[in-house]
Amino acid sequence: MDFYKAIWSHVGGRPWTYIARDIYHRLEYLILVSLFIAGYALGYSGITTWKWLMVILSAYTIGYIHGHFFWGSEYIPGQKGN
């Protein structure tokens, strides 16, 4: 944890989880619509190879992990790290 704190204290000034939460709460509709449009575009393009399926599955997994940033704690705008 000390390594992560050393990084975020120099890049962003506070934990990146809090920065991501602020961005999401300020631009929630835009982010959700962008994800919907991206999913529609990928589905409409007819990409059916296993390679692209793995790329899409990887992107989904990253989004799933990112979603856990918002679970289990109260949102406080501009929250600082310890």
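Quantities reported herein were computed from a predicted structural model and do not represent experimental measurements.

### Notes on the packing of aromatic side chains
Remark: the centre distance and the inter-plane angle together describe each pair of aromatic rings, the angle taken between the planes.
Piece 1. For the structure shown, the criterion picks out one aromatic pair.
Piece 2. Ring centres 5.6 Å apart and planes at 85 degrees place the aromatic pair tyrosine 4 and tryptophan 16 in the edge-to-face group. Of this pair, tyrosine 4 sits in helix α1 (residues 2-10) while tryptophan 16 sits in helix α2 (residues 16-26), placing them 12 residues apart in sequence.

### Section: the pattern of salt bridges
Side chains that differ in sign of charge can pair as their charged atoms come close.
Piece 1. If you walk through the whole model with that rule in mind, you get one salt bridge.
Piece 2. Notably, a salt bridge pairs arginine 14 with aspartate 22, separated by 2.3 Å at the nearest N-O pair. Considered together, arginine 14 and aspartate 22 belong to a single accessibility category, that of buried residues.

### Topic: the environment of tyrosine 40
Piece 1. For tyrosine 40, the location among the structural elements is in helix α3 (residues 28-44).
Piece 2. Taking relative accessible area as the criterion, tyrosine 40 reaches 52% and is therefore assigned exposed.
Piece 3. With 23 residues separating them along the chain, tyrosine 40 and glycine 63 place their C-alpha atoms 16 Å apart.

### A few points about α2
Piece 1. Along α2, the residues classified as buried are Thr17, Tyr18, Ala20, Arg21, Asp22 and Tyr24.
Piece 2. On its buried face, α2 sits against α1, α3 and α4 (50-67).

### Structural notes on α3
Piece 1. For α3, which comprises 17 residues, the first-to-last C-alpha distance of 24 Å matches the rise-based estimate of 24 Å (1.5 Å per residue) to within 8%.
Piece 2. Backbone geometry just after α3 places glycine 46 at a positive phi near 80 degrees.

### Overview of the packing of α2 against α3
Angle between the axes and distance between the axes are the two parameters that describe a pair of packed helices.
Piece 1. For the pair α2 and α3, the least separation of the axes is 4 Å and the interaxial angle reads 85 degrees. By the angle class used here, α2 and α3 are roughly perpendicular. Every residue of α3 that contacts α2 at Ile23, Tyr24, His25 and Arg26 is listed here: Glu28, Ile31 and Leu32.

### With respect to the side chain of aspartate 22
Piece 1. Its place among the elements puts aspartate 22 in helix α2.
Piece 2. Residues contacting aspartate 22, with those up to four places away along its chain left out, are Arg14, Tyr75, Ile76, Pro77 and Gly78.

Rules of the game
- Residues numbered from 1 in each chain as written.
- Predicted model: local features only at pLDDT ≥ 70, side-chain atom pairs only at ≥ 80, totals over all residues.
- Heavy atoms only, no water.
- Phe/Tyr/Trp six-rings, centres within 6.5 Å; stacked < 30°, edge-to-face > 60°.
- Helix = DSSP H or I, 4+ residues; strand = E, 2+ residues; numbered from the N terminus.
- Salt bridge = Lys/Arg side-chain N within 4 Å of Asp/Glu carboxyl O.
- Buried < 20%, exposed > 50% of the residue type's maximum accessible area, 1.4 Å probe, protein only.
- Contact = heavy atoms within 4.5 Å.
- Expected span 1.5 Å × (residues − 1).
- Axes fitted to C-alpha atoms, helices over the stretch in contact; angles between N-to-C directions.
- Parallel < 35°, antiparallel > 145°, perpendicular 65-115°, else oblique.

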